[in-house]
Structure formats: C-alpha cells, structure tokens
Amino acid sequence: MENRALYMTIALQEWLGLRLETIANFLVLGIALFGAGERKSIHPASAGVVLTYTLSMAQVFSEVVQAYAKNEQNFNAVERLLYYTELPSEGATTKPDDPPPTWPEKGAISFNNVEMAYREGLPLVLKGVTFDVNGGEKIGIVGRTGAGKSSLLQALFKVVNPQRGSITIDGRDLQDVGLTTLRTRLALVPQDTTLFLGTLRENLDPQGTRTDAEIISALKRAWLLPAEGSPVDSEAEAKFSLDAPVTDEGSNYSAGEKQLLALCRALIKGSRIIILDEATSSVDVETDAKLQRTIQTEFASSTLLCIAHRLNTIVYYDRIVVMDDGKVAEFDTPLNLFDKEGSIFRSLCDEANLSREDIVRIRTGATVQNTTEATN
Ligand SMILES: Nc1ncnc2c1ncn2[C@@H]1O[C@H](COP(=O)(O)OP(=O)(O)OP(=O)(O)O)[C@@H](O)[C@H]1O
C-alpha cells in the first residue's frame, strides 16, 4: 500500500518535471528568437542576462508548485482545527447536583438493563446489560472479539450514552453526574496510552498535586524503576527520571512502557475505581504477572474492572463477567465458572490450555508456567 503511494508520488513528480521543463524551454526558445529578431534594438548583454535568468525558470516553476502544494497540505491542519471547534458538545462538564469530592466512597457499580448503540440507526452493542459490582471488588471482563467489553467502558465513562437503562456508582445515576466530575473520579489505564510533549513529571501528574517522592514511588511500584534495595539501573533511572523528556505522543517510549506509565498515573491518582482496558497487553508475561500482583496490593481497597486478553492474569480477580453478543452471559468467581460444564469461560480456558490447577496456583500466588493467551 505504502509502495503504491510512493510510486504515485514519484510518477507525478516526473510528470510535473517534464511539463515544467517543456514550458521553460519554450520560454527560453521564445526569448532567444525574440532577442535574435530584435538584435538591432536590444543590447546583446541585456539579452544574455534575460536568457541566463530564463534558464533557471524550470526550477522556479517547480519551487512555486511545491510551495503551493505544501501550503495546501498545511491548511489541512487548519481545516481539522476548525472541524474540532465545531464538534457538538459532549454534555455538561459539571451539573448542579454533582456528587461531593469524596464520591465515590465505596466504588460500587451497577449496570441496570443497559442498552447502547454507537449512533442512532446502528444496531445495539449492549443489549440489556445488568450486573452489580461491590465496592472494592476486582472484576475481570472477558469475551470474544466484538462481544462488547470495551463498549461497557464507553458507557461507564459516558463517551456514549445508553439508550435505555442506567448505570450507577454508589447509588448515583451517571446521568446526573457532570462529565468532568465523573471522569476525574475514575482512573483509566487504556490499551493505547497518550503521552504529551513535555517531561515525565508533567505527564504523570499534570496538575502538579503530588510530591517527587510520591511519583518516584509509583514508578517503582510499576516496575519502571528498580525497587528499593535492587541493583542500580542507570539506564532506567535516566529514562524514567522525573525530568526525562517525553517526545510528541511519547514516541521515545515503547508500547509496554507507555502502558506501565499509564498504570503509574492511576497509582498516583489513587482513585476508588480503576478501569484497566487490556492494560498490560504489550508487556511480557513475567512483567504482567508482577504487575497483576502490584495491582492486587496497591489497589486493594479500590474497585477494579479489568478487560484482559490473558486469562492467566484475569483469574486473580474476585469475579469474572463473561460478555457474549452484547449481553452478560456469565458472572461468577473464576473457579465456579470453570467448574460449570459448557460455560463460555471454561471453553476460553480450554482454548488457552489453562487448567483448574493453574487457576488455583495463580490465585494462591504462584506464577503460571504456560504463557496462556486468551482468544478474545
Ligand atoms: N466507535 C464505534 N462505532 C460503531 N460501532 C462500534 C464502535 N466501536 C465498537 N463498535 C462495535 O461494537 C461491537 C462491540 O465492540 P467492542 O469494542 O465493545 O468489543 P470488544 O468485546 O471490546 O472487542 P475486542 O476484544 O476486539 O476489543 C462490535 O460489533 C463493534 O463493531
């Protein structure tokens, strides 16, 4: 695909070059003939100067065309900015009866018969989702591709509003909560983390509310800096120092490192509800296992919703929601779901070669031997 575009570019450049040179050569010819015809009235030196300048016309033409094309390209950015300024508002950022700053105290989440479509006229992607999560509970969400796992999060963050049903956090209907209020109280560790141009400190604590020691501690707990008492790793210390530069979109960090930095943000934020959307999909299995243990201990009192593609990380969780075709097909503890003959969870475990013993071993803290990848 890229080669096809490159081929087109080169062909167009050749096409343009040939035409510009032809025009310039005709111009030179015209001027030369004119000079020859008017040789009595035009001084030869003047004719020579004009001809010399005309010879470089082909290049001038090409520069003009290139400048015009570049200008047009740059105006795409202006067009995009205009488009964004005219986007309809998502909704009120705050509402008069917004909950107090301490909300959510418990972190209990309820989905009550939620039906959601991405746009009017599109089919429903959540078809009557109902489940209750207690405060502090760790919930894993699994399901095959397109089952509606990420759509649950879109509804929770009010990126898309449900057409029917309601979602409540600690008994408060999210319809009555302002967008900024809601989104600042939840912490999200997404699949594709966005980092901004600046320093690591600005990226991890944009509001500047935490001390250096707190941020460094979060970096250690996310395994980005060596833990207390470990050998010095000067490379990691330079890369993850608080003043380390972050390039545009964080392109100087790998996908896995960006995920760990997003986890750091959540650790620093200390929210009561943490949502992990395939948050450790780009880190290796060993780091993932370490991280899951960090998540379990560091977020011990927080409610956790985790969409994971590795079943061996999700079995740490208290209960598992199995999504299927926009509905909650199963909702129980990992062992209960595994023991249920014919359950979707059991079939996902079978496909990933995860046995009951593996689940018990993982839950009791031992690392699983086989690097099981789930099938979602
Ligand atoms: N922005 C969107 N606009 C329209 N339809 C969408 C959009 N995002 C997702 N969908 C549709 O919603 C359905 C559920 O998608 P969703 O992303 O929730 O699934 P998922 O279970 O998270 O899948 P995956 O494991 O691949 O991430 C799919 O059929 C998908 O095509």
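All values reported here derive from a predicted model rather than from experimental measurement. (Residues numbered from 1 in each chain as written. Predicted model: local features only at pLDDT ≥ 70, side-chain atom pairs only at ≥ 80, totals over all residues.)

**Side note on the overall build of the protein**
Here comes step 1: Scanning the protein from terminus to terminus reveals 14 helices and 12 strands.
Here comes step 2: Radius of gyration (C-alpha) of the protein: 30 Å, far over the 21 Å computed for a compact globule of 376 residues.
Here comes step 3: Dimensions of the protein, computed from C-alpha atoms along their principal axes, come out at roughly 105 × 60 × 45 Å.
Here comes step 4: The buried share among the 376 residues of the protein stands at 28%.
Here comes step 5: Expressed as a percentage of contacts within the protein between residues at least 6 apart in sequence, the contacts between residues at least 24 apart total 70%. (Helix = DSSP H or I, 4+ residues; strand = E, 2+ residues; numbered from the N terminus. Rg over C-alpha atoms; globule rule 2.2 N^0.38 Å. Buried ≥ 20, exposed ≤ 12 C-beta atoms within 10 Å, placed from the backbone. Contact = placed C-beta atoms within 7 Å.)

**Notes on the environment of Pro99**
Here comes step 1: As for its position among the elements, Pro99 is in the loop between α3 (57–85) and β1 (109–116).
Here comes step 2: As for Pro99 and Asp176, which are separated by 77 residues in sequence, their C-alpha atoms are 8.9 Å apart.
Here comes step 3: If we skip the residues at most four places from it in the chain, Pro99 touches Arg172, Val177 and Thr181.

**A closer look at the environment of Arg272**
Here comes step 1: Along the chain, the position of Arg272 falls in the loop between α9 (255–269) and β9 (273–277).
Here comes step 2: Here the alpha-carbon distance between Arg272 and Lys106, two residues 166 residues apart in the chain, equals 7.2 Å.

**Quick word on the pairing of strand β6 (residues 186–189)**
For a regular strand, side chains alternate in direction, first toward one face of the sheet and then toward the other.
Here comes step 1: Neither face of β6 is open: one carries Leu186 and Leu188, the other Ala187 and Val189, and all of them are buried.
Here comes step 2: Relative to β9, β6 is paired through 4 bridges, and the arrangement is parallel. When the sheet's bridge partners are listed, Val189 is paired in β9 with Leu276. (Pairing = 2+ DSSP bridges.)

**Things to note about the site of the ligand**
Here comes step 1: Neighbouring the ligand are 12 residues; Tyr118, Val125, Lys149, Ser150 and Ser151 lie closest to it.
Here comes step 2: Ranked by the residues each element gives to the shell around the ligand, the list is headed by helix α4 (residues 149–156), at 3 residues.
Here comes step 3: In the shell around the ligand, the residues fall into 4 nonpolar, 7 polar and 1 charged. (Near = placed C-beta within 6 Å. Nonpolar A, V, L, I, M, F, W, Y, C, P; charged D, E, K, R; others polar.)

**Side note on the sheet that holds strand β4 (residues 164–169)**
Here comes step 1: Here 4 strands make up an open sheet; going across it, the order is β2-β1-β4-β5 and the pairing antiparallel. Each having just a single partner strand, β2 (126–133) and β5 (172–173) make up the two edges of the open sheet.
Here comes step 2: Both β1 and β2 contribute to a ladder of 6 bridges, which runs antiparallel. Residue pairing across strands places Glu115 opposite Lys127, the latter belonging to β2.
Here comes step 3: Sheet contacts for α4: β1, β2 and β4; angle to β2, the most-contacted strand, approximately 75 degrees. (Axes fitted to C-alpha atoms, helices over the stretch in contact; angles between N-to-C directions.)

**Some points on the sheet that holds strand β3 (residues 138–143)**
Here comes step 1: On the basis of which strands lie adjacent, the open sheet formed by 6 strands has the order β6-β9-β10-β3-β11-β12 and mixed pairing. Of all strands in the sheet, those with a lone pairing partner are β6 and β12 (327–332), marking the two edges. Sheet twist, expressed as the average angle between the axes of neighbouring strands with direction ignored, equals 20 degrees.
Here comes step 2: Taken together, the 5 bridges between β9 and strand β10 (residues 303–307) define a ladder with parallel strand orientation.

**Notes on the UniProt feature "domain: ABC transporter" (unreviewed entry) in the protein**
Here comes step 1: If you check UniProt for "domain: ABC transporter" (unreviewed entry), the listed places come out as residues 109–350 in our numbering.
Here comes step 2: Helix and strand shares over residues 109–350 are 34% and 25% respectively, and the end C-alpha atoms of the span are 30 Å apart. (UniProt positions renumbered as here; feature names shortened; annotations may be inferred.)

**A few points about helix α2 (residues 44–55)**
Here comes step 1: With 12 residues, α2 extends 16 Å between its outermost C-alpha atoms, agreeing within 8% with the 16 Å of an ideal straight helix rising 1.5 Å per residue.
Here comes step 2: By the criterion of burial, α2 is predominantly exposed, with just 0 of the 12 residues buried. (Expected span 1.5 Å × (residues − 1).)

**What to know about the nonpolar core**
Here comes step 1: Counting 74 residues, the largest nonpolar core has Ile141, Leu263, Cys264, Cys306 and Ile314 as the members making the most contacts within it.
Here comes step 2: In this view, Leu263 contacts Val189, Ala222, Ala279 and Leu291; residues no more than four positions away in its chain are not counted. (Core = buried A, V, L, I, M, F, W, Y, C linked by C-beta atoms within 7 Å.)

**Here we look at the packing of helix α1 (residues 2–37) against α2**
Here comes step 1: Two elements in contact, α1 and α2, have axes whose closest approach is 9 Å; the angle formed by their N-to-C orientations is 175 degrees. Between α1 and α2, the interaxial angle falls into the category roughly antiparallel. Between α1 and α2, the residues in contact are Leu27, Val28, Ile31, Ala32 and Gly35 and Ala47, Val50, Leu51, Thr54 and Leu55, respectively.
Here comes step 2: For the contact of α1 with α2, the class distribution of residues is 8 nonpolar, 2 polar and no charged. (Parallel < 35°, antiparallel > 145°, perpendicular 65-115°, else oblique.)

**Let's talk about the domain arrangement of the protein**
Here comes step 1: Along its sequence, the protein is organised into domain 1 (2–85) and domain 2 (135–162 + 171–363).
Here comes step 2: Placing a centre on the C-alpha atoms of domain 1 and another on those of domain 2 gives a separation of 56 Å. (Domains from an automatic or database assignment.)

**Here's the deal with helix α14 (residues 356–363)**
Here comes step 1: Restricting attention to buried positions, one finds in α14 the residues Asp358, Ile359 and Ile362. Seen from one end, α14 has its buried residues packed into an arc of 100 degrees, which puts them on one side.
Here comes step 2: The secondary structure elements touched by the buried residues of α14 are α11 (311–314) and α12 (334–339). (Arc of directions from axis to C-beta.)

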